[in-house]
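The lines below spell out each chain.
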Amino acid sequence: MSKKYALVGLGHRAQMYVDALLGDWQDTGTIVALCDTNQTRMSYYAEQIGGQVPCFDPQEYGKVLEMADAVVVCTVDATHARYVVAALDAGLDVVVEKPLTVDAESCQAIAEAAERGTGELVVTFNYRYSPRNSAVKRLISEGAIGDITSVHFEWTLDTIHGADYFRRWHRDRANSGGLLVHKSTHHFDLVNWWLGVAPELVFAQTDLRFYGDALPRGERPARGQGAPELGSDPFILDISTDERLKRLYLDAEHEDGYIRDQDVFAPGVNIDDNMSVLVRYANRATLTYSLTAHAPSEGYRVAFNGTQGRIELEVCERSWTPPHAAIDPSAASKEHAAESWERLTLHRHWQEREEVPIEQGAGGHGGGDRLLLNDVFRGPGDDPLGRPAGYRDGIRSVLVGVAANRSAATGQPVHLTADGTRLADA
């Protein structure tokens, strides 16, 4: 059945859904309304959609809900809950970008709305659909290494991708919850899904060591536009060189004052760039996790120790970062990398190590994005890996990050309830 979709939040992330509904998934629905604080951004997407798609200010969100069957939420993380709850209370289906929200209170508000409403809520965890991550899930589900006893997970963001979080709205913890919520939500969800059990205790240490004014760097321009060092300093971003982002952000500044190209070393950064987290799960498995946001290369390593062996996944997404500032993390694609690779190995006790083949598909994330969009717009089929994610999955991944932030601030471990959907002291 074809649905009427409203898009709320018309920044960079909205493009995937617009492209889908104008392309291979156009038979599943039409875009009937756009809602954003900025008319310039809405006009950009309205041109692509064609026709006279109406545009609304967030204060007119009630009118948006009256026009639609489903809402796609791509707004700033801290505002997700207000749009999600209102849509669920209106009986609409909701597709929401990760993270579901940024704090325990709004997690609870969303849970209550989902339980009392009739609409379905989907959180778009596209990493679950990546062939390499799906292959790991398959091995674990098949019992390839027995019961999992521990997971070691290291993720590095390079000075293209990592830096970008420190020049955008994410640099303010009130907007994003910090990288342990905004970025690590992906990673915590992967582990929750891989293990198939709930997290129950979190301890963390974090710090700001590289970006912001953590180190003395002398006089620097507050933003990229007009900076005399433009082109010579790899941390200074020139968004005027990309027509799409110029129209979405530079041309839209006069409306809301949002500056997309802030200096990553300017004062005002209150999120961390080095994070270490220890998580205990309900089955007694432990996770040791680290995130570094200023590495020279981009990728991750994850290892699973089990009662019958070990699984290792190594991924290099960019082996080095060339000395230029990327317009946007996704714009700095693998074509800029000197080398990218992935390797999945299985090592059972008393046997030689074996490399597990990873089947690639067409499109982003090795074909994973297409699988996700199929589930979002056509409805999930019978998936033995359980990749579609609902609101409880979204809440569990957010709360690990929330608990980690609290632990880092207090120096104390933080407990979650048995099902991982609430902080124990909330």
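Residues numbered from 1 in each chain as written. Predicted model: local features only at pLDDT ≥ 70, side-chain atom pairs only at ≥ 80, totals over all residues. Heavy atoms only, no water.

Before going further, it helps to examine the overall build of the chain. Along its length, the chain carries 14 helices and 15 strands. Along the three orthogonal principal directions, the C-alpha set of the chain runs to about 65 × 55 × 45 Å. Split into buried and exposed, the 426 residues of the chain put 57% on the buried side. Residue pairs in contact within the chain that sit at least 24 positions apart in sequence constitute 73% of those at least 6 positions apart. In the structure as shown, the chain presents an accessible area of about 17600 Å², 48% of it carried by carbon and sulfur atoms. Charge centroids of the chain, computed over 41 positive and 61 negative side chains, lie 3 Å from each other. (Helix = DSSP H or I, 4+ residues; strand = E, 2+ residues; numbered from the N terminus. Buried < 20%, exposed > 50% of the residue type's maximum accessible area, 1.4 Å probe, protein only. Contact = heavy atoms within 4.5 Å. Areas by Shrake-Rupley, 256 points an atom, 1.4 Å probe, with all protein chains shown as cover. Lys, Arg positive; Asp, Glu negative; His and termini not counted. Charge placed at Lys NZ, Arg CZ, Asp CG, Glu CD.)

Below, the discussion takes up the sheet that holds strand 15 (residues 414–415). The sheet built from nine strands is open, its strands ordered 14-13-12-11-7-10-9-8-15 with mixed pairing. For this open sheet the edge positions go to strand 14 (354–355) and strand 15, each flanked by a neighbour on one side alone. As defined by bridge partners, strand 12 (residues 309–318) adjoins strand 13 (residues 341–348) across eight bridges and the pair is classed as antiparallel. Considered in strand 13, the bridge of glutamate 312 is made with threonine 345. Here helix 10 (residues 184–195) sits on the sheet and contacts strand 7 (148–158), strand 8 (199–207), strand 9 (274–281), strand 10 (286–295) and strand 11 (298–306); the angle it forms with strand 10, its principal contact strand, is near 155 degrees. Across the sheet, helix 14 (residues 391–410) touches strand 8, strand 9 and strand 15, and the angle it forms with strand 8 is around 50 degrees. (Pairing = 2+ DSSP bridges. Axes fitted to C-alpha atoms, helices over the stretch in contact; angles between N-to-C directions.)

All chains considered together, the criterion is met by 34 salt bridges. Residue arginine 343 is joined to glutamate 314 by a salt bridge in which the shortest nitrogen-to-oxygen separation is 2.9 Å. Here arginine 343, found in strand 13, pairs with glutamate 314, found in strand 12; they are 29 residues apart in sequence, far enough to count as distant. When its relative accessible area of 32% is taken as the criterion, arginine 343 is described as partly exposed. Between aspartate 425 and arginine 406 there is a salt bridge; the shortest N-O distance is 3.1 Å. In this pair, aspartate 425 is assigned in the segment after strand 15 and arginine 406 in helix 14, connecting sequence segments 19 residues apart. (Salt bridge = Lys/Arg side-chain N within 4 Å of Asp/Glu carboxyl O.)

A few words now on the nonpolar core. Of all hydrophobic cores here, the largest spans 98 residues; its most connected members are Leu121, Phe166, Trp194, Tyr211 and Phe304. Top contributing element to this core by residue count: helix 14, with eight residues. Those residues in contact with leucine 121, other than ones at most four positions away along the chain, are Val84, Leu88, Val94, Val96, Leu100, Ile110, Ala389, Gly390 and Tyr391. (Core = buried A, V, L, I, M, F, W, Y, C linked by side-chain atoms within 4.5 Å.)

Time to look at the packing of aromatic side chains. Each aromatic ring pair is summarised here by two numbers: the centre-to-centre distance and the angle between the ring planes. In total, this model carries 18 aromatic pairs according to the counting rule given. Their ring planes at 80 degrees and their centres at 5.2 Å tell us that tyrosine 44 and tyrosine 45 sit as a pair that is edge-to-face. Taking 6.0 Å as the distance between ring centres and 50 degrees as the angle between the ring planes, the aromatic pair formed by phenylalanine 153 and tyrosine 300 counts as tilted. Of the two residues, phenylalanine 153 sits in strand 7 while tyrosine 300 sits in strand 11, which places them 147 residues apart along the sequence. What links up through ring pairs into an aromatic cluster is the set Tyr127, Phe153, Trp155, Phe188, Trp194, Tyr289, Tyr300 and Phe304. (Phe/Tyr/Trp six-rings, centres within 6.5 Å; stacked < 30°, edge-to-face > 60°.)

Time to look at the side chain of lysine 98. For lysine 98, the location among the structural elements is in the loop between strand 5 (93–96) and helix 5 (104–116). Buried charge without a salt bridge: lysine 98, with glutamate 97 as the nearest opposite-charge side chain at an N-O distance of 6.1 Å. A distance of 2.7 Å separates a polar atom in the side chain of lysine 98 from the backbone oxygen of histidine 182. Beyond its immediate sequence surroundings of up to four residues, lysine 98 is in contact with Asp77, His80, Val123, Thr124, Phe125, His182, Lys183, Thr185 and His186. (Polar contact = N/O pair within 3.5 Å; in protein donor to acceptor, adjacent residues only side chain to side chain.)

A word on the pairing of strand 12. Counted residue by residue, strand 12 has nine buried out of ten residues, so it is predominantly covered. Adjacent in sequence and paired antiparallel, strand 11 and strand 12 are bridged by two residues.

As a further point, take unusual backbone geometry. Cis geometry marks the peptide bond from lysine 98 to proline 99, where omega comes out at -10 degrees. Even without being a glycine, arginine 284 presents a positive backbone phi close to 80 degrees. For arginine 284, a relative accessible area of 73% corresponds to the exposed category. Even without a glycine there, the phi angle at tryptophan 350 is positive, about 70 degrees. If you trace the backbone, tryptophan 350 turns up in the loop between strand 13 and strand 14.

What follows concerns helix 2 (residues 39–49). Residues Thr40, Arg41, Met42, Tyr44, Tyr45, Ala46 and Ile49 constitute the buried set of helix 2. The inward-facing, buried residues of helix 2 abut helix 1 (14–22), strand 2 (29–35), strand 3 (55–56), helix 11 (243–250) and helix 12 (253–256). For helix 2, the capping residue at the N-terminal end is asparagine 38, with a side-chain oxygen 2.9 Å from the backbone nitrogen of threonine 40. Backbone geometry just downstream of helix 2 places glycine 50 in the positive-phi region, at approximately 80 degrees.

This part covers the confidence of the model for the chain. In the predicted model, the chain carries a mean pLDDT of 93, and the fraction of residues at 70 or more is 95%. In the predicted structure, residues 328–337 sits below a pLDDT of 50 and forms 22 contacts with residues beyond four places in sequence or in another chain. (pLDDT = per-residue confidence, 0-100.)

Attention shifts here to the side chain of serine 106. Relative to the helices and strands, serine 106 resides in helix 5. Using a relative accessible area of 12% as the deciding quantity, one classes serine 106 as buried. Here the side chain of serine 106 touches aspartate 103 through a polar contact of 2.5 Å, side chain to side chain. Once you skip the residues sitting within four places of it in the chain, serine 106 turns out to touch Ala81 and Thr101.

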